[in-house]
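One letter stands for each residue in the lines below.
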Amino acid sequence: MHTQATDLQAVHQRVTSWLEGKPVDWMLVCGSGMGRGLVGEGEGSLGLDIVDTVGLGQLGLPVPEVAGHGQSLVYGRLGDSHICVQTGRLHPYEGIPIQVCTAALEGVIAAGARGVALTCAVGALNPAYEAGQLVALCDQMALFGPTPLRGPKFIDCSEIYSRRLRKKIHALATEIGALGRPLDEAVYAHARGPQYESPAETKALRLLGGDIVGMSTTYEAIAVTAHQLPLCGIGVVTNAASQEGLSHLEVQQRSEAARGTLAKLLARLLASDPAK
Ligand code: HPA
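Residues numbered from 1 in each chain as written. Predicted model: local features only at pLDDT ≥ 70, side-chain atom pairs only at ≥ 80, totals over all residues.

Before going further, it helps to examine the overall build of the protein. When you go through the protein residue by residue, the secondary structure sums to nine helices and nine strands. A globule of 276 residues ought to have a C-alpha radius of gyration of about 19 Å, and the protein, at 17 Å, matches this closely. Seen along its three principal axes, the alpha-carbon backbone of the protein occupies a region of about 45 × 45 × 35 Å. The contacts of the protein with a sequence gap of at least 6 include a subset with a gap of at least 24, amounting to 82%. (Helix = DSSP H or I, 4+ residues; strand = E, 2+ residues; numbered from the N terminus. Rg over C-alpha atoms; globule rule 2.2 N^0.38 Å. Contact = placed C-beta atoms within 7 Å.)

Following this line, the structure appears as structure tokens:
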């Protein structure tokens, strides 16, 4: 449980001085089982040419304690693109205040990021989905979830996940042809967690219009939308929601198993211009 107060302004300043004015074309936030592998070397990695790394702790943030999450910001190059990767995510269910959960992301946005990609492990509400497949997030339901916004910030959420970037992701997915099936577009339903959903909750979320369920991502998406940056989200379906006997280890392992395909798709996306 996180108990220390975090000075958000100081975190943003540390991120800005760590980046030293370097360009950031894309900020990538990694979900369960993804971060360390994506910034590592060889098979299943992005092939990032790493320039610098800083621990989230060094930025004055709590470090993610959830297994399968990295604990740093990594800056590097991918082709002509400059990328910042948050290798592990902070979640409100860890007892961390919501604005602290989004502080590294918002710090990088404040330092000039031009586009954001969020990744996540998710449970399937849509019965047509299979464990191991990737989905492109097309919308979200965060009515009951946390928001990093404070005060009268009545932001437009009519297109949280950029239609243009979704089209691009589809084209790239077809190009790499390794997904085994067309990339589905999914509505993400936020669940507060850390407990997995009961069958009744799964049924309710499906009836409300969710295709996938997870305990993250929506609050980061709201933060990015408030800054009006191009945003996309890619989910790895790790299980059927309220599957009997589900464990975080299984989620992590399924997410890791899909990392090769995810890395191929992300590497192409992140090498492209977020504004095009
Ligand atoms: N529910 C919520 N979050 C998740 C799940 C799930 O079934 N799988 C991966 N993250």
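A separate point is helix 9 (residues 259–271). Taking 1.5 Å of rise per residue, 13 residues should cover 18 Å, and helix 9 covers 17 Å from first to last C-alpha, within 8% of that figure. Taken together, the buried positions of helix 9 are Arg259, Leu262, Ala263, Lys264, Leu265, Leu266, Ala267, Leu269 and Leu270. (Expected span 1.5 Å × (residues − 1). Buried ≥ 20, exposed ≤ 12 C-beta atoms within 10 Å, placed from the backbone.)

Our focus in this paragraph is the pairing of strand 6 (residues 134–141). With three bridges joining them, strand 6 and strand 9 (residues 231–240) adopt antiparallel strand pairing. Residue pairing for strand 9: valine 135 is matched across the bridge by glycine 235. Here strand 6 pairs with strand 7 (residues 184–190) via six bridges, running parallel. Residue pairing across strands places aspartate 139 opposite valine 187, the latter belonging to strand 7. (Pairing = 2+ DSSP bridges.)

This part is about the nonpolar core. In globular proteins that are soluble, nonpolar side chains generally tend to be buried together. Among the nonpolar cores identified, the biggest contains 82 residues, and Met27, Val108, Ala117, Ile212 and Leu270 are the most heavily contacted of them. Contact partners of leucine 270, with chain neighbours within four places excluded, come to Trp26, Leu28, Leu46, Leu78, Ser81, Ile83 and Ala117. (Core = buried A, V, L, I, M, F, W, Y, C linked by C-beta atoms within 7 Å.)

A word on the site of the ligand. The environment of the ligand is formed by 13 residues, the closest being Ala121, Gly123, Gly214, Ala241 and Val251. When residues of the shell around the ligand are traced back to their parent elements, those giving at least two are strand 5 (116–124), strand 8 (212–214) and strand 9. Each residue belonging to the shell around the ligand can be placed in one class, and the counts come to eight nonpolar, four polar and one charged. (Near = placed C-beta within 6 Å. Nonpolar A, V, L, I, M, F, W, Y, C, P; charged D, E, K, R; others polar.)

Between helix 5 (residues 163–176) and helix 9, the least distance of the axes is 10 Å, while the angle of their chain directions is 130°. As judged from the angle between their axes, helix 5 and helix 9 are oblique. The two elements helix 5 and helix 9 meet at a crossing, and its hand is right-handed. Residues Lys168, Ile169, Leu172, Ala173 and Ile176 of helix 5 touch helix 9, and the partners they reach there are Lys264, Leu265, Arg268 and Leu269. (Axes fitted to C-alpha atoms, helices over the stretch in contact; angles between N-to-C directions. Parallel < 35°, antiparallel > 145°, perpendicular 65-115°, else oblique. Left-handed = near helix turned anticlockwise from the far one by under 90°.)

Between the first and last C-alpha of helix 1 (residues 8–19) there are 17 Å, a value that for twelve residues agrees with the 16 Å anticipated at 1.5 Å per step. One or two steps after helix 1, the chain reaches glutamate 20, where phi turns positive at roughly 50°.

The contact between helix 1 and helix 4 (residues 103–110) brings their axes to 8 Å, and the two run at 55°. On the basis of the axis angle, helix 1 is oblique to helix 4. Here helix 1 and helix 4 pass one another in a crossing that is right-handed. For the pair helix 1 and helix 4, the contacting residues are Leu8, Val11, His12, Val15 and Thr16 in the first and Ala103, Ala104, Glu106, Gly107, Val108 and Ala110 in the second. Across the contact of helix 1 with helix 4, the residue classes tally to seven nonpolar, three polar and one charged.

It is worth spelling out unusual backbone geometry at this point. Looking along the chain, the bond that leaves glycine 193 and enters proline 194 is cis, with omega of 5°. Note that proline 194 resides in the loop between strand 7 and helix 6 (199–208). One non-glycine residue, glutamine 228, lies in the positive phi region at around 55°. In this fold, glutamine 228 is placed in the loop between helix 7 (218–226) and strand 9. At serine 242, a position not held by glycine, the phi torsion is positive, near 55°. By secondary structure assignment, the location of serine 242 is in the loop between strand 9 and helix 8 (248–257).

Looking at where isoleucine 98 falls in the secondary structure, it is placed in helix 3 (residues 98–101). Overall, isoleucine 98 belongs to the partly exposed group, with 19 C-beta atoms counted inside 10 Å.

Once that is clear, we can look at the pairing of strand 5. Where burial is concerned, most of strand 5 is hidden: nine out of the nine residues are buried. Note that strand 1 (residues 26–29) and strand 5 share three bridges and pair parallel. Residue pairing across strands places leucine 28 opposite alanine 117, the latter belonging to strand 5. When strand 5 meets strand 9, the two strands line up parallel, connected through nine bridges. Bridge pairing in strand 9 places alanine 121 opposite valine 236.

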